[in-house]
Amino acid sequence: MHSIYTFVTGPLVWVAFLVFIGGLAGKFVYLTSLAKNKDPYVFSYLHLKYALRSIIVWLIPFSTRNMRLNPVMTVVTFAFHICLIIAPIFLLAHVIMFEEAWGVSWWTLPDAVADVMTWVVLASIVFFVVRRRVVPEARYVTGPKEFVILGLVALPFLTGFLAYYQIFDYQTMIILHVLAGEAMLVAIPFTWLSHVMLYPMIRGYMGSEFGAERHVKDW
Amino acid sequence: MTGKLALWAGLGLLTALFVWPTLFVGPALSQDDMTHIITDAFGVKQRPASVFVHDEHNIKAEIEDDCWLCHHFDGKNPDPMDSSAGMPCVDCHPVKADPDQTPLMQAFHKQCKDCHLEKKAGPIACGECHVRP
């Protein structure tokens with residue numbers, strides 16, 4: 001227990017974050033150099049104001065036509081992303097571990113709130129799975145890989161929940177939880193989870209082209 | 001006969017005298033009955049109280065004679081000849097501490113986990129100490 005736990009919560013955390021950040025940085029460099037070679041006009045179009053305008057508009061619920069056409073999907077997607085990002089960053093246990101390792105700490109959520117947010121994430125993923133099987137335009141772009149990736153996102157939350165409530169063997173569950181979180185981080189640069197970075201890049205470009213060049217909205 | 005009766009009555013009275021109050025106050029405040037670290041200093045608790053069977057723990061860890069290891073007067077320079085046993089940690093480690101003090105939760109976590117890590121024995125993950133009832 002001791003050696004496995006200290007390994008997965010120590011060196012392996014570094015590896016996971018390095019792959020996560022390094023992978024995204026590599027992808028950024030690769031994509032921008034690709035654009036430079038194939039379509040250099042991309043850069044001359046870029047316009048900070050319109051780029052930011054598009055990024056921000058698309059972060060506001062029901063701000064775009066597409067969001068208004070799919071209200072259920074809009075509510076679930078926003079709730080999902082907010083909980084997915086906020087809960088792990090402000091989880092008391094995570095902050096305590098950072099504080100004990102580095103002496104830095106920040107504001108935390110009450111465990112009861114983090115609990116509800118975990119439910120929201122898990123329920124949303126069930127919704128996404130059902131939607132990908134039922135809605136034709138989603139089913140069309142869904143293969144087994146999509147479900148594996150959704151599972152990869154669900155796993156840290158599921159195991160975190162089971163560890164918190166000490167359901168099944170705690171020591172196994174807490175180690176699985178840490179590994180699942182690290183696996184998800186590592187997967188981000190190499191799967192469509194990289195939309196964490198591609199989202200602002202693509203919106204920034206679209207916003208610039210539509211706003212500064214064509215003088216129309218891109219939403 | 002009356003002597004025997006008086007003896008039984010006297011014994012009964014004595015027993016009642018000593019047993020009766022404990023029914024009201026519950027377990028006496030002594031480390032030999034301690035199974036968890038119960039403190040109300042934290043206010044609203046986020047976790048179940050940490051397991052700590054005081055005497056059994058210290059015998060297993062072979063520190064049953066070293067009260068000063070945990071019950072120090074100054075954690076930075078603990079003195080083997082001087083123990084603060086009986087004083088709750090919160091007396092010197094408030095929940096919201098000054099910058100040069102170790103706050104209560106960190107005091108517990110550091111004292112307990114540093115030794116477990118060093119000895120490679122004893123709990124180090126949250127749920128191993130904060131066991132749900």
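Residues numbered from 1 in each chain as written. Chains lettered and ligands numbered in written order. Predicted model: local features only at pLDDT ≥ 70, side-chain atom pairs only at ≥ 80, totals over all residues. Heavy atoms only, no water.

Another aspect to go through is the interface of chain B and chain A. With 19 residues of chain B in contact, the opposing surface of chain A contributes 17 residues. Across the interface of chain B and chain A, roughly 1500 Å² is buried in total on both sides, 53% from carbon and sulfur atoms. Here chain B is connected to chain A by two salt bridges. When the shortest N-O distance is used, the salt bridge between Lys113 of chain B and Glu100 of chain A registers 2.6 Å. There are twelve residue pairs in polar contact (both at pLDDT 80 or more) connecting chain B and chain A. (Contact = heavy atoms within 4.5 Å. Buried area = accessible area lost by both parts, 1.4 Å probe. Salt bridge = Lys/Arg side-chain N within 4 Å of Asp/Glu carboxyl O. Polar contact = N/O pair within 3.5 Å; in protein donor to acceptor, adjacent residues only side chain to side chain.)

So, on to the nonpolar core. Generally speaking, nonpolar side chains in soluble globular proteins are found buried as a group. Residues and elements named next belong to chain A. Judged by nonpolar contacts, the single largest core of 26 residues is most densely connected at Phe80, Leu84, Val121, Ile125, Val153, Ile188 and Leu193. Mapped onto this core, the elements with two or more residues apiece are helix 2 (11–38), helix 6 (71–90), helix 8 (111–134), helix 10 (144–164) and helix 11 (170–187). Element by element, the count of residues in this core is highest for helix 8, at six residues. When near neighbours in sequence (up to four residues on either side) are disregarded, Ile125 contacts Phe80, Leu150, Val153 and Ala154. Membership of the second largest hydrophobic core comes to eleven residues, among which are Val8, Leu162, Ile174 and Ile175. (Core = buried A, V, L, I, M, F, W, Y, C linked by side-chain atoms within 4.5 Å. Buried < 20%, exposed > 50% of the residue type's maximum accessible area, 1.4 Å probe, protein only. Helix = DSSP H or I, 4+ residues; strand = E, 2+ residues; numbered from the N terminus.)

Residue and element names in this part refer to chain A. On the surface, a cluster of positive charge is made up of Lys49, Arg53, Arg65, Arg68 and Lys217. Elements that contribute at least two residues to the positive patch include exactly helix 4 (48–57) and helix 5 (65–69). Mapped onto the fold, Lys217 is located in the segment after helix 12 (195–213). (Patch = residues over 30% accessible without salt bridge, like charges linked within 9 Å, V, L, I, M, F, W, Y side chains within 5 Å. Areas by Shrake-Rupley, 256 points an atom, 1.4 Å probe, with all protein chains shown as cover. Lys, Arg positive; Asp, Glu negative; His and termini not counted. Charge placed at Lys NZ, Arg CZ, Asp CG, Glu CD.)

Turning next to a nonpolar patch on the surface. Residue and element names in this part refer to chain A. Taken together, the side chains of Trp14, Leu18, Ile85, Ile89, Phe98, Trp102, Val104 and Trp106 present a nonpolar region at the surface, about 820 Å² in accessible area. Counting residues per element, the ones that place at least two in the nonpolar patch are helix 2, helix 6 and helix 7 (92–102). Along the polypeptide, Trp14 turns up in helix 2. With a relative accessible area of 52%, Trp14 lands in the exposed category.

Relative to the helices and strands, Val29 of chain A is located in helix 2. In this structure, the C-alpha to C-alpha distance between Val29 of chain A and Gly143 of chain A, residues 114 residues apart in sequence, is 28 Å.

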